[in-house]
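# Structural description and commentary
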Amino acid sequence: MILNDLLQIKDQERAARKKTTLRCCMAAGCMSSDSKGVKEQLEKAVADAGLQDTVEVRGVGCMKLCCEGPLVQADPQNALYIKVTSENAPSIIAALKGGKAEAAQTDPDAAFFKKQLSIVLANSGVVDPDRIESYIALDGYQALHEVLHEMTPKDVVDTMVNSGLRGRGGAGFPTGLKWGTVAKSPGAKKYVICNADEGDPGAFMDRSVLESDPHAVLEGMAIAAYAVGADQGFIYVRAEYPLAITRLQTAIKQAKQLGVLGSGIFESPFNFTIDIRIGAGAFVCGEETALMASVEGKRGTPRPRPPFPAESGLFGCPTLINNVETFANVPAIYRNGAEWFAGIGTEKSKGTKVFALAGKIKNTGLIEVPMGTPLRTIVEEMGGGAPGGAKIKAVQTGGPSGGCIPSQHLDTPVDYESLGKLGSIMGSGGMIVMDESTRMVDVARFFMEFCMDESCGKCIPCRAGTVQMHNLLEKILDRRATPRDLLKLEELCDMVKNTSLCGLGQTAPNPTLSTLRFFRNEYEELLQPEAHGPKGNGEAKKQTLTT
Amino acid sequence: MAAKTLTIDGKQISAEEGATVLQAADEAGVKIPTLCHLDGVYDVGACRLCLVEIAGVPKLLPACTTQVAEGMVIHTDSERLRKYRRMTLELLFAERNHVCAVCVANGHCELQSLAYNQGMDHVRYEYNFPKWSVDNTHRLFGMDHNRCILCTRCVRVCWHIEGAGTKNVAGRGGKAHIISDLNMSWGQSYSCTECGKCVQACPTGALFHKGSTAAEMERDRTRLEFLVTAREKKQWITGEE
Amino acid sequence: MIATPLHSKRNRLPAVLEHASGDKRFKILEVHMKKHQFRHDALIEVLHKAQELFGYLEDDLLLFVSYKLKLPPSRVYGVATFYHFFNLKPQGEHTCVVCMGTACYVKGADKVIAAIQDQTKIRPGETTPDNKVSLLTARCIGACGIAPAVVYDGTVNPRATPESAVKQIKKWTGT
Ligand SMILES: Cc1cc2nc3c(=O)[nH]c(=O)nc-3n(C[C@H](O)[C@H](O)[C@H](O)COP(=O)(O)O)c2cc1C
Ligand code: SF4
Ligand code: SF4
Ligand code: SF4
Ligand code: FES
Ligand code: FES
């Protein structure tokens, strides 16, 4: 495979385009509402109407407005059909010829779409994820070619540093710096791992990217591998995402066949293969050291760092580990240049961020906005506020490691620093909207239960501390707790945060701390006055340690 | 090997490159509390009792897995660390059923003496009172899960010193527990060589010699150390279970 | 690396191997292990395959895997019980997985599961006595856009309600 072959595929693919395209969402959300049947009916209707030569029905990835699925978009008509059923699908074809479509429509130029800026999701809902040609038609794999033939690994790292990209997996670590460290680590064998464990309950960005545009992730990984000197990659996907796994398998197979993965890529000396590893239902395996243990076939328990994976990671070799969305940004950065990327976003947070908007909000789905976009724009303008005109109470970001941002802070711009100042985190991109009917103590309990269930059990503060904090939260909810219990809870939060081994324990108190910070009154309303007397002060009886 | 100079609790000391903070402190006569650490097997940094403050590092780091560096300034006994240690111990006592008065290890238990030394005289958390069993099926040894603190010392000696791989951790979180083979009773285990190393390694009364009374339960650590050294010389297996 | 269970006194292995030789699924599993060159790091992949073939991971199956991969049984058991995806007990004819992720929770997944519990009289993680239905929970299946989500026998059902869930359960149990 050389550049000309790639360009030829691109030209062929573009030349084969038909006058009208009907893009039909085939991502997991819409598939659950029978988008497969819709697509079949559309294809049949096209055949019945004898329109095969002018109309293309294309299965694509997520078209973002998941709550209204199945979605079908007709172009160039610019008509977006929602909640399409296999019964009313044929009428969409009739509408192409001037008839009336029975399927409902929504405005594709509404704020939900117009306020988005797509880098990561640029191809989502546009390319057919099952066909590598579809990706190549939109300049796919050209960045990889350029990197391999015109840049040294050091150039590649420098470009990444200049782009200012920060990891999208949660912590926001500068990606260029990480690549540089792995590149410098001595070792004949190095690995690149894509973290697709997406454990935050309420986040589905990574799933959508994998289902909608798997090749962007593969290309990003290959570029990273060249930069750091790795020849083997792994994608660690959670087992709950069967469709993403199938799409990745297809994508890897096609990429190998075309020679954009494998040995001697683009006739250069660079070799790179990618294998999939399937998780088995453990949130903690999103933590990088636990993930590597899991890839090695072990119990997914984290280990202390240092040594960091960049020095000693998978099988003891230097390992680069990045999130799905981080990798999906990579090809665009090399296509358009570091300056272009650095020109988007805020001073310290560059580029865009994808959020999975869900909860008590009218428009649920995926949004990608420049860093620094105010929460209010996302929630009120794009999300359309809470359904039924209810009042939004808080927005939860960062999942079980994050916090709740109350409505009075809705003007906060979303970037790593601003969210951190409010005691939350950017996290991987889950954004759950809560309205007045949500009880914040219950939210804190919900997340504490999550962390308690997902604790790996290795270190004492997290294993036993989450149990006690959960006990205390239940006690508060049951109106059995006293002010002293609340103090105990806060003390435990502090202790677990500072002494746990890994990020799970270190951040498990965050939802509790943040709801305590902004909704303390909801806790206090549930407290009982301190009881006096020999028992009933909530304290366990004294433990005797000796005979 | 190059020597590093560092300060531990105000004492200027020097330590070999590659040594852990725990080793360096030990040599300087500074006692850092530990539970999951056991000389001779690799460290896991799990119990978090040995956490220390290192100037310039925002996070607390476990002394047992952190290597010394030139100019490190370390505090091992601040008010904050002592508080965290007490709380860690309280959490352990509340987690399972540690009834010291009727324990074979009473008086020889590392957990018990740590509680003493750290001034943990009562537990403020609700006891979980979980239902854990006692495994008395082995010919020579017994295991009382009620007293297990999941330090995995038994697992590590069984794998890396004895090389049997009988013991491991099953389940996760609060349901994590020590197993023999396929979670069968210890007596049924066909990989156990009956070497007794796990019993030697256990810091509490969770693993015990059958028929022993508290007085007999003084662990013969010297025997274990001898074995450890012997194996180390032969470059015994490394890595994780 | 580690002593294999072979040398032991109470060895269950011969019986397991004997039993395995008569079952085609063990053959398929072994081919799968061979594809991974019996590498230790393939353990989780192998367990996935085993569960796919057998439905759940019973002791003899785990012992077989441990023998073939030359891993101590305790490691295999430790791994199998660490990951929630692996079942060590047989599942019912039908499975109902209720998503209890954040998005589904705030949209009323708790009411859906309460209704199912009420109908089936079992709790999450349990199977009805007639072995018809297993009730499970998940921590976000990534379909938050259509919350609350329930998965019936592998098919995602969007915007579940207590009523729709009870209806599906009744269909399975024929009540
Ligand atoms: C408990 C826990 C869960 C995590 N889960 C994920 C996850 O699901 N996906 C992810 O990309 N990173 C996750 N992370 C962060 C990773 O450890 C790691 O920082 C990240 O994959 C690095 O990639 P990035 O630099 O591209 O963000 C998790 C961290 C912790 C502590
Ligand atoms: S903090 Fe929790 S998840 Fe992390 S190592 Fe400790 S017990 Fe395991
Ligand atoms: S007696 Fe020896 S072989 Fe048996 S479990 Fe203990 S350490 Fe392992
Ligand atoms: S049995 Fe003893 S050595 Fe083993 S984990 Fe429990 S307390 Fe530690
Ligand atoms: S002794 Fe260091 S963490 Fe346990
Ligand atoms: S929270 Fe249920 S699908 Fe995400």
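All figures in this text were calculated on a predicted structure; none of them were measured in a lab. (Residues numbered from 1 in each chain as written. Chains lettered and ligands numbered in written order. Predicted model: local features only at pLDDT ≥ 70, side-chain atom pairs only at ≥ 80, totals over all residues. Heavy atoms only, no water.)

### Some points on the domain arrangement of chain B
In many reports, interface size means the accessible area that the parts give up when they come together. All names here are of chain B. We apply this condition: The domain boundaries here were taken from an automatic or database domain assignment. By definition, residues are in contact when any of their heavy atoms lie within 4.5 Å. Note: buried area is the sum, over both parts, of the accessible area (probe 1.4 Å) each one loses when the two are combined. Any carboxyl oxygen of Asp or Glu that lies within 4 Å of a side-chain nitrogen of Lys or Arg is treated as forming a salt bridge with it. Counting of polar contacts relies on pairs of N or O atoms within 3.5 Å, with two restrictions inside protein: one atom must be capable of donating a hydrogen and the other of accepting it, and residues adjacent in sequence are counted only when both atoms are side-chain atoms. Gly falls in the polar group here, along with every residue not listed as nonpolar (Ala, Val, Leu, Ile, Met, Phe, Trp, Tyr, Cys, Pro) or charged (Asp, Glu, Lys, Arg).
Per the domain assignment, the segments of chain B are domain 1 (3-77) and domain 2 (97-233). Listed by partner, the interface residues are 13 residues for domain 1 and 18 residues for domain 2. Note on domain 1 versus domain 2: buried area summed over both sides is about 1,200 Å², and carbon and sulfur give 69% of it. If you sort the residues of domain 1 by the area they bury against domain 2, Leu-35, Leu-38 and Val-41 come out on top, with a joint share of 47%. Viewed at the interface, domain 2 and domain 1 are joined by zero salt bridges. At the junction of domain 1 with domain 2, the criterion picks out four residue pairs in polar contact (both at pLDDT 80 or more). Along the lines of polarity and charge, the residues of the side of domain 1 that touches domain 2 split into eight nonpolar, three polar and two charged.

### Side note on the site of ligand 1
All names here are of chain A. Test applied: Residues are classed as near a molecule or strand on a simple rule: at least one heavy atom within 4 Å of it. In short, Shrake-Rupley with a 1.4 Å probe defines the accessible areas, and a residue's cover is counted only from the protein chains shown. Comment: elements are numbered from the N terminus, with helices defined as DSSP H or I runs of at least four residues and strands as E runs of at least two.
In the vicinity of ligand 1 there are 18 residues, among which Gly-169, Lys-178, Asn-322, Asn-323 and Thr-326 approach most closely. For ligand 1, an oxygen atom lies 3.0 Å from a polar atom in the backbone of Gly-199. For ligand 1, whose unbound accessible area comes to 610 Å², protein coverage reaches 88%. Contributions of two or more residues to the shell around ligand 1 are made by strand 9 (319-323) and helix 21 (503-507). Among the elements that take part in the shell around ligand 1, strand 9 stands out by supplying three residues, more than any other. Considered class by class, the residues forming the shell around ligand 1 number three nonpolar, nine polar and six charged.

### Overview of the environment of A:Cys404
Residues and elements named next belong to chain A. If you trace the backbone, Cys-404 turns up in strand 13 (residues 403-406). Here the alpha-carbon distance between Cys-404 and Leu-422, two residues 18 residues apart in the chain, equals 8.6 Å. Apart from the residues within four sequence positions on either side, Cys-404 is in contact with Ala-394, Val-395, Gln-396, Met-434, Met-440, Val-443, Ser-514, Thr-515 and Phe-518.

### Some thoughts on the pairing of strand 10 (residues 352-359) of chain A
Residues and elements named next belong to chain A. Applied cut-off: Accessible area is worked out with a 1.4 Å probe on protein chains only. A residue is then buried under 20% of its type maximum, exposed over 50%, and partly exposed in between. Think of it this way: DSSP has to see at least two bridges between two strands before they count as a pair.
The buried fraction of strand 10 amounts to eight of the eight residues, a majority that puts the element mostly inside the structure. The pairing of strand 10 with strand 11 (residues 365-370) spans six bridges and is classified as antiparallel. Opposite Phe-355, over in strand 11, you have Ile-367 as the bridge partner. Here strand 10 folds back onto strand 11, and the loop between the two strands holds five residues. Relative to strand 14 (residues 430-435), strand 10 runs parallel, the two sharing four bridges. By the bridge assignment for strand 14, Leu-357 is matched with Met-431.

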